[in-house]
Amino acid sequence: MWYDPYIQSDQFWVLTLVLFVVVLFRYAIIAGLFHLIFYAFQPKRFQHRKIFKGQFKVLQLKKEMLWSALTSFLFGLAGAVMILMTREGHTKIYEDPNAYPLWWIPLSFLFAAFLHETYYYWLHRWMHRPKVYRAIHKVHHDSHYTSPWTSFSFHPLESLLQSIVIPALVFIVPMYSWTVVCLLVFMTITSAINHSNVELYPKGFHKHWLGKWLIGATHHSLHHTQYRFNFGLYFTFWDKLMHTESAKYEPDFEKHTALRKNA
Ligand SMILES: [Zn+2]
Ligand SMILES: [Zn+2]
């Protein structure tokens, strides 16, 4: 199993350091890949799907990378705590896939994502209170137009508040060990998609039975430019339920997924 004791439990900081490098690489590979495809190799091909059509300032990207490196360290720290807790039998992470019915594996993924969504939506609403916003959340919003590198660009306090959710979840929800890994990868990929500044979903997806529940680049970009709408993380249901979904979402989505004029 991925949390097997290659590194001894008394080497907490070594474990934290290893996880920091893993999280940092995961971020750099996914964000780097998005950057290469959309901005380096094929900048014109995706231009019509870009939300912000100008050039990003190098200073913005550098700042995002620095904040993201700090976030990766704090995520590594939370991961080290989770692994040690699991080794000592305090969490509900299980190794044998048959310990629970097999249908529980996908269901526990969805359930954990739902709990994470709920936690994040309300945390995010709270972080938009003026005082909290200035102290904690402004760093993320300094990226008025998001880039693939924005996905982990948070103030350390915000990173800390975000890092505790998965380790806390596994105390309550029994999860197969690899389901936890899948959830962490899902978190990174969706964050890169939502901040990529390129609408990747197909035309009409915002009205599709599944697509209308998923957040994408257009949806989250509106949060960065409008502030008062689109607080969700993975899914749109809290925004729909609480009437915080931007009225610009549908027209903007249609605009970004319209065919190229010269196509
Ligand atoms: Zn926000
Ligand atoms: Zn964001």
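For the structure, check the block above.
Since we're looking at a predicted model, the values are computed, not measured.

A. Spatial organisation of the overall build of the protein. A tally of helices and strands in the protein yields ten helices and two strands. Starting at the N terminus and walking to the C terminus, you meet the elements of the protein as α-α-β-α-α-α-α-β-α-α-α-α. Its C-alpha atoms give the protein a radius of gyration of 19 Å, near enough to 18 Å, the size a compact globule of 263 residues would have. Over its C-alpha atoms, taken along the principal directions, the protein stretches across nearly 60 × 40 × 40 Å. Per-residue burial for the protein yields a buried fraction of 36% across its 263 residues. Counting only contacts in the protein whose residues sit at least 6 apart along the sequence, the fraction spanning at least 24 positions is 71%.

B. Representation of unusual backbone geometry. One non-glycine residue, Y227, lies in the positive phi region at around 70°. Relative to the helices and strands, Y227 resides in the loop between α8 (217–226) and α9 (237–241). Residue N230 is not a glycine yet carries a positive backbone phi of 55°. Examined against the element boundaries, N230 turns out to sit in the loop between α8 and α9. By C-beta crowding, N230 is classed as buried, having 24 other C-beta atoms within 10 Å.

C. Fine view of the environment of F152. Within the secondary structure layout, F152 lies in the loop between α4 (130–141) and α5 (156–163). Between the C-alpha atom of F152 and that of V165, which follows or precedes it by 13 residues, the distance is 15 Å. In this view, F152 contacts Y27, S68, T71 and S72; residues no more than four positions away in its chain are not counted.

D. Structural view of helix α1 (residues 12–41). Look at α1: 41 Å from first C-alpha to last across 30 residues, which is about the 44 Å you get at 1.5 Å a residue. Along its length, α1 shows its largest kink, about 30°, at H35. Along α1, the residues that are buried comprise L15, T16, L19, F20, V23, Y27, A31, F34 and F38. If you follow the buried residues of α1, they end up packed against α2 (58–87) and α7 (177–195).

Rules of the game
- Residues numbered from 1 in each chain as written.
- Chains lettered and ligands numbered in written order.
- Predicted model: local features only at pLDDT ≥ 70, side-chain atom pairs only at ≥ 80, totals over all residues.
- Helix = DSSP H or I, 4+ residues; strand = E, 2+ residues; numbered from the N terminus.
- Rg over C-alpha atoms; globule rule 2.2 N^0.38 Å.
- Buried ≥ 20, exposed ≤ 12 C-beta atoms within 10 Å, placed from the backbone.
- Contact = placed C-beta atoms within 7 Å.
- Expected span 1.5 Å × (residues − 1).
- Bend = angle between axes of the 7 residues up to and from the residue.

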